[in-house]
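Now for the letters of each chain:
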Amino acid sequence: MIEIDRISKQYEGRNVVDSVSMTVETATITAIVGTSGSGKTTLLRMINRLVEPSSGEVRINGQPTGALQPHELRRRIGYAIQGHGLFPHHTVGRNIGAVPELLGWPGQKIRARVDELLTLFGMEPAQFRDRYPAELSGGQQQRVGVARALASRPDLMLMDEPFGALDPIIRARAQEDLRRIQKTLGSTIMLVTHDMEEAIHLGDKVAVMDAGRLVQYGTPAEIIQRPATDFVAEMVGGVDRPLRLLSLVPVSEIVEDGPAEGAPVQTSTNLRDALSTCLWSGRDALPVVRDGAPVGRVTLGAIRARAEGPE
Ligand SMILES: Nc1ncnc2c1ncn2[C@@H]1O[C@H](COP(=O)(O)OP(=O)(O)OP(=O)(O)O)[C@@H](O)[C@H]1O
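Thresholds applied
Residues numbered from 1 in each chain as written. Predicted model: local features only at pLDDT ≥ 70, side-chain atom pairs only at ≥ 80, totals over all residues. Helix = DSSP H or I, 4+ residues; strand = E, 2+ residues; numbered from the N terminus. Rg over C-alpha atoms; globule rule 2.2 N^0.38 Å. Buried ≥ 20, exposed ≤ 12 C-beta atoms within 10 Å, placed from the backbone. Core = buried A, V, L, I, M, F, W, Y, C linked by C-beta atoms within 7 Å. Domains from an automatic or database assignment. Contact = placed C-beta atoms within 7 Å. pLDDT = per-residue confidence, 0-100. Pairing = 2+ DSSP bridges. Axes fitted to C-alpha atoms, helices over the stretch in contact; angles between N-to-C directions. Near = placed C-beta within 6 Å. Nonpolar A, V, L, I, M, F, W, Y, C, P; charged D, E, K, R; others polar. Parallel < 35°, antiparallel > 145°, perpendicular 65-115°, else oblique. Left-handed = near helix turned anticlockwise from the far one by under 90°.

Helix and strand counts for the chain come out as 14 helices and 13 strands. On C-alpha atoms alone, the chain measures out to a radius of gyration of 22 Å, which is about the 19 Å that the 2.2 N^0.38 rule sets for 311 residues. Seen through its principal axes, the chain has C-alpha atoms that stretch 60 × 50 × 35 Å. Within the chain, the fraction of its 311 residues that count as buried is 37%.

And the structure:
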């Protein structure tokens, strides 16, 4: 568990981060979102003490970060930045193994971890281990950057706009990869983004920053349904709020008994996709299957009711 306790940063007498408190549960993703200059990066960097807080403290599993030595902090907190920050003259393998090497791990253990991470990221170790960053695509470099930050199995992984430099298609893939790997490894991740869509898509919790203050901290559904301030409402965007809400809910939640015609959807399909299938195919109910076996139907009426808010 990560506890951020009334942490502030002043520059030239101005609070750029103003008494932010939040608790981050282990094995979750927290997305810190806000406009430019709202203090997101400063908040993130106070967690690994790249920026020294003016006041307040951060505790990792109960231990204040101020009491940890720099090498301890490096081991316990991974950090990945936009543009990847890879060492250009080191191979992929050395880049990923950089922190374990610093920590004095035996070579065999480093190599095993490098190969494990490359495999998790869908990059064949034999093919990629000895390449240099310049010989990789942008998406591959991004994956190596994240793999490097995860290599020492940190208690916490900090990511600053990790997908900022990627084009939208690669970005969606990269987000999915991160989700999958986070679940596999049980990592605790805090990431900064200026994109509310990305925050809602990736975060178990979303922290909205405005002018140095944490204005709302909640689940994506809470942020969408009950924005705490006009600013949050504006960031979420009023118009397609129901659609965003639907994209968070799987069909399994509102499946009911009864018949329906045509091609089925999976229980894991989200309601936004089910709605577009209904509208696209002109049906007011869709059969639902789980692992190929019929389990009932989902109706347009039930999707609409769900879009209007929780019962
Ligand atoms: N070293 C510094 N000295 C003085 N002011 C700073 C310093 N670092 C950041 N600031 C100011 O603090 C405020 C918050 O900056 P920060 O980088 O945390 O915001 P951000 O939300 O991450 O913005 P962006 O999305 O543009 O990166 C800004 O007004 C910035 O100009």
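And the narrative resumes.
Another point: the nonpolar core. One finds I32, A147, L158, M190, L191, A274 and V298 to be the most contacted residues of the largest nonpolar core, which totals 73 residues. Each of domain 1 (2-237) and domain 2 (244-307) gives at least three residues to this core. Excluding residues that lie within four positions of it along the chain, A274 makes contacts with V251, V265, T269, L286, V298 and I303.

Residues at a pLDDT of 70 or more form 95% of the chain, whose mean pLDDT is 88. Note on the complex model: pTM 0.76, ipTM 0.95.

The strand order across the open sheet built from three strands is β11-β12-β13, with neighbouring strands paired in mixed fashion. Each end of this open sheet is capped by a strand with a single partner; those strands are β11 (265-266) and β13 (293-299). As paired strands, strand β12 (residues 285-290) and β13 are joined by six bridges and run antiparallel to one another. Bridged to V289 within β13 is P294. Relative to the sheet, helix α13 (residues 271-281) contacts β11, β12 and β13, its axis offset from that of β12 by approximately 135°. Its contacts with the sheet place helix α14 (residues 300-307) against β12 and β13, and it is angled at close to 60° to β13.

Our focus in this paragraph is the sheet that holds strand β5 (residues 63-64). In any sheet, the strands associate via hydrogen bonds between backbone groups, in a parallel or an antiparallel arrangement. The strand order β2-β1-β4-β5 describes an open sheet built from four strands, whose pairing is antiparallel. Strands with a single pairing partner mark the edges of an open sheet, and in this sheet they are β2 (14-24) and β5. Judged from the two bridges that link them, strand β4 (residues 55-60) and β5 form a sheet pairing that is antiparallel. Residue R59 lies in a different strand from β5, and its bridge partner there is P64. Across the sheet, helix α1 (residues 40-47) lies against β1 (2-11), β2 and β4, angled at about 60° from β2, the strand it touches most.

In the neighbourhood of the ligand, the contacting residues comprise Y11, V16, G34, S36, G37, S38, G39, K40, T41, T42 and H194. Counting residues per element, the shell around the ligand draws most heavily on α1, at three residues. A class-by-class count of the residues in the shell around the ligand yields two nonpolar, eight polar and one charged.

This brings us to unusual backbone geometry. A negative phi angle is the norm for most residues apart from glycine, just as the trans form is the norm for most peptide bonds. Phi at S19 takes a positive value of approximately 50°, unusual for a residue other than glycine. With respect to the secondary-structure elements, S19 resides in strand β2. Even without glycine at this site, D291 takes up a positive phi of about 50°. When you line up the elements, D291 lands in the loop between β12 and β13.

What follows is about the packing of α13 against α14. The interhelical angle for the contact between α13 and α14, taken along N-to-C directions, is 135°, at an axis separation of 10 Å. Between α13 and α14, the angle is such that the two are oblique. Between α13 and α14 lies a crossing whose hand is left-handed. Counting all contacts with α13, which are made through L271, A274, L275 and C278, the residues of α14 involved are L300, I303 and R306.

Here the chain is partitioned into domain 1 (2-237) and domain 2 (244-307). A separation of 34 Å is found between the C-alpha centroids of domain 1 and domain 2.

Structurally, G218 is set in strand β10 (residues 213-218). C-alpha of G218 to C-alpha of G203: the two residues are 15 residues apart in sequence and 9.6 Å apart in space. Beyond its immediate chain neighbours, meaning those up to four positions away, G218 contacts K205, V206 and I223.

Turning our attention to the pairing of strand β8 (residues 189-193). With five of its five residues buried, β8 lies for the most part within the structure. Residues I189, L191 and T193 line one face of β8 and the alternating positions M190 and V192 line the opposite face, and both faces are buried. Two strands pair when backbone bridges link them, and strand β7 (residues 156-160) and β8 are joined in this way by four bridges, in the parallel orientation. The residue bridging L158 from the neighbouring strand is M190, located in β8.

α1 sits mainly inside the fold: seven of its eight residues count as buried. Every buried residue of α1 is listed here: K40, T41, T42, L43, L44, M46 and I47. Once α1 ends, the next one or two residues include R49, with phi positive near 65°.

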